[in-house]
Amino acid sequence: MATSPASRPGDSRPLSAVDSDPAPDLDDLLVRTARGDDQAFAALYDALGASVLGLARRLVRNPARAEEVTQEVFLQVWRTATRFDPDRGRAKTWVLVLAHRRAVDAIRHDQAASDREDAYEWVGSDHDVVSEEVIVNLEHQQVRRCMDGLTELQREAVNLAYYGGYTYPEVAELLDANLATVKTRMRDGLIRLRDCMGVAA
Amino acid sequence: MTVDLHSLIGPYALGALDEDERDAFESHLDACPTCAEELGGFVATTVRLGEAVAEEPPAALRASILAAAAQTPQERPTVVAMRPRSLRKRLPSLIAAAAMIVAAAGVAGYVIEHQQVQEYQAESSNVEQVMTASDAVTTESQLGSASMRLTHSRSQDALVLAVSGLPALDNETYQLWTVRDGVTTSAGLVDDSDLLYVDQVDGVEQLALTVEPAGGSERPTSLPVATMQL
């Protein structure tokens, strides 16, 4: 993983005079958030809000619900920032894992597959009106390319689990494959993606 | 069993486990450093997947989140005890001290394996005094995936409780209580992989662990998920 996070459009600098590094150190921002530093928290949101919202939107489909999930995620980050230990992991990972969990919980909570389809249609018809644009970034293209390098079953398994929010037994059901196969494909898929993206283990 | 659990590493990294399996896998992880390393790479990979679908959030969302945070209290740092002010300051070194003791006792890997032992400070020897007291009695109890290890010393009039493997809670917290003559007193909030030092325990008959709303309660609002006799 890169040691300094890429800056994004919409990054705003924390008003700290001490820090002259142009890219905010997210770990540091989260540590400061734990001490009640609301500017650090705002900077953390500026750096990660787009990823959290995008992931939530991808999972829960409904844009209003995705914003709710995003708000829940950041409030949980604010409340529980003291639990973050920079020796054990990176702030970005902490926040995105939390976001994925929250969004999946929201799906399971809202439930009923048919609701999801309805919500999806609704997004489709409303999408032009909404001005949010998908940020086309390098990561996106790289992920695309690496995804193309997977076998179909690996790709489907990874997609349905991560972007669909399905449990692996649900994925097995959807792909008409057995559980052991699905678990293996997920792992193999992740190994290929990791190597393709050059993510350090 | 280990092999079986290990096969969950892909689904775990992709967030495709239900809560029970997630807990089971996490306890497997505690005992398997190589899995933790592999998992690190997988999770970093999923972070890329997440970033790849980033969408610019509407400005109103930022305002709403910052406003909500301004009105939301933050969780206190992990260990709270009966004399929180004096204790909290010493917390990091308490944990370090305990980690060293645990390692020395040959049960390394238990509870605090992730905590890095940084420096041992002699002034923070409360935990050590309990753990090494000649009359220290240790009892261990298992509750589902969670284990609790209670060390009590009458001569020190204190106890140390180590907790690991507690199921994660959403918007709720674990809280420890002492029961003395039927009177219940808070002994602080409990986080997973936590180590609590509680002193002035003379006359305490029982410890109880309950699930409370985030931030804890003045009095228990639910039945205990675990009790331990002293």
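Please refer to the structure higher up on the page.
Residues numbered from 1 in each chain as written. Chains lettered and ligands numbered in written order. Predicted model: local features only at pLDDT ≥ 70, side-chain atom pairs only at ≥ 80, totals over all residues. Heavy atoms only, no water.

Peer 1: Help me understand the overall build of chain A, please; the structure alone is not making it clear to me.
Peer 2: Within chain A, the regular secondary structure consists of 9 helices and 0 strands. Put simply, chain A runs from its N terminus to its C terminus through helices and strands in the order α-α-α-α-α-α-α-α-α. Every one of the 201 residues in chain A was classed for burial, and the buried ones make up 46%. In chain A, 63% of the contacts between residues at least 6 apart in sequence involve partners at least 24 apart. Surface exposure of chain A reaches about 9,800 Å², of which carbon and sulfur atoms provide 49%. (Helix = DSSP H or I, 4+ residues; strand = E, 2+ residues; numbered from the N terminus. Buried < 20%, exposed > 50% of the residue type's maximum accessible area, 1.4 Å probe, protein only. Contact = heavy atoms within 4.5 Å. Areas by Shrake-Rupley, 256 points an atom, 1.4 Å probe, with all protein chains shown as cover.)

Peer 1: Teacher, can you tell me more about the state of the cysteines here?
Peer 2: What we call a disulfide is simply a covalent bond connecting the sulfur atoms of a pair of cysteines. Residue and element names in this part refer to chain B. In the structure shown here, the tally under the stated rule is 2 disulfides over all chains. The partner cysteine of C32 in its disulfide is C35, sulfur to sulfur 1.8 Å. Judged by the sign of its S-S torsion, about 75 degrees, the cystine formed by C32 and C35 is right-handed. By the burial criterion, C32 is buried, and C35 matches it. (Disulfide = S-S within 2.5 Å.)

Peer 1: Help me understand the interface of chain B and chain A, please; the structure alone is not making it clear to me.
Peer 2: Interfaces are often sized by the amount of accessible area the parts lose when they come together. Of the residues lining the interface, 56 residues belong to chain B; the matching set on chain A comes to 70 residues. For the pair chain B and chain A, the summed buried area comes to about 5,700 Å², and 58% of that belongs to carbon and sulfur atoms. Sorting the residues of chain B by area buried against chain A places L14, R48 and E55 of chain B first, and these three jointly supply 13% of that buried surface. Among the ionic pairs, E55 of chain B bridges to R57 of chain A, the shortest N-O distance being 3.3 Å. Taken together, the connections running from chain B to chain A amount to 20 residue pairs in polar contact (both at pLDDT 80 or more). (Buried area = accessible area lost by both parts, 1.4 Å probe. Salt bridge = Lys/Arg side-chain N within 4 Å of Asp/Glu carboxyl O. Polar contact = N/O pair within 3.5 Å; in protein donor to acceptor, adjacent residues only side chain to side chain.)

Peer 1: What exactly am I supposed to notice about the sheet that holds strand β5 (residues 183-190) of chain B here?
Peer 2: Across a sheet, strands are paired by hydrogen bonds formed along the backbone, either parallel or antiparallel in direction. All names here are of chain B. Across the sheet, 4 strands lie side by side as β5-β4-β7-β8; this open sheet has antiparallel pairing. Of all strands in the sheet, those with a lone pairing partner are β5 and β8 (226-229), marking the two edges. With strand direction ignored, the average angle separating the axes of adjacent strands in the sheet is 30 degrees. Where strand β4 (residues 172-180) and β5 come together, 7 bridges link them in antiparallel fashion. The partner of W177 across the bridge, within β5, is S186. (Pairing = 2+ DSSP bridges. Axes fitted to C-alpha atoms, helices over the stretch in contact; angles between N-to-C directions.)

Peer 1: How should a negative patch on the surface be read in this particular structure?
Peer 2: The grouping of D105 of chain A together with D18, E19, D20, D170 and E172 of chain B at the surface amounts to a negative patch. One can find D20 of chain B in helix α3 (residues 19-30). We classify D20 of chain B as exposed; its relative accessible area is 62%. (Patch = residues over 30% accessible without salt bridge, like charges linked within 9 Å, V, L, I, M, F, W, Y side chains within 5 Å. Lys, Arg positive; Asp, Glu negative; His and termini not counted. Charge placed at Lys NZ, Arg CZ, Asp CG, Glu CD.)

Peer 1: Teacher, can you tell me more about helix α4 (residues 33-51) of chain B here?
Peer 2: Each turn of an α-helix holds 3.6 residues, which means side chains three or four residues apart point in the same direction. Its 19 residues place the ends of α4 of chain B 27 Å apart at the C-alpha level, agreeing with the 27 Å of an ideal helix rising 1.5 Å per residue. Burial within α4 of chain B is extensive, with 14 of its 19 residues counted as buried. (Expected span 1.5 Å × (residues − 1).)

Peer 1: Can you help me understand helix α1 (residues 26-34) of chain A in this one?
Peer 2: All names here are of chain A. All of the buried residues along α1 are L26, D27, L29, L30, R32 and T33. Where α1 is buried, its residues meet α2 (38-60), α3 (63-80) and α4 (91-110). Taking the backbone nitrogen of D27 as reference, a side-chain oxygen 2.9 Å away marks D25 as the first, capping residue of α1. Just downstream of α1 lies G36, where phi reads positive at about 85 degrees.

Peer 1: Can you help me understand the pairing of strand β2 (residues 146-153) of chain B in this one?
Peer 2: Note on strand geometry: in a regular strand, side chains alternate between the two faces of the sheet. Residue and element names in this part refer to chain B. Extensive coverage of β2 is indicated by the burial of 7 of its 8 residues. As paired elements, β2 and strand β3 (residues 158-164) share 7 bridges and run antiparallel to each other. From the neighbouring strand, L150 faces β3, where its bridge partner is L161. From the end of β2 to the start of β3, which pair antiparallel, there are 4 residues, and D157 there has a positive phi angle of about 50 degrees.

Peer 1: Before we go on, may I ask you to explain the packing of aromatic side chains in this structure?
Peer 2: By convention here, two paired aromatic rings are described through the distance between centres and the angle between planes. All names here are of chain A. The full count for this structure, using the stated rule, is 6 aromatic pairs over all chains. Ring centres of Y162 and Y163 lie 5.5 Å apart, and the angle between their planes is 70 degrees; on these two criteria the pair is classed as edge-to-face. Joined through ring pairs, the aromatic side chains of F41, Y45, F74 and W78 make up one cluster. It is R58 that lies over the ring of Y163; its NZ or CZ is 4.2 Å from the centre. (Phe/Tyr/Trp six-rings, centres within 6.5 Å; stacked < 30°, edge-to-face > 60°. Lys NZ or Arg CZ within 6 Å of the ring centre and 35° of its normal.)

Remember, this is a structural readout, not a statement about activity or role.
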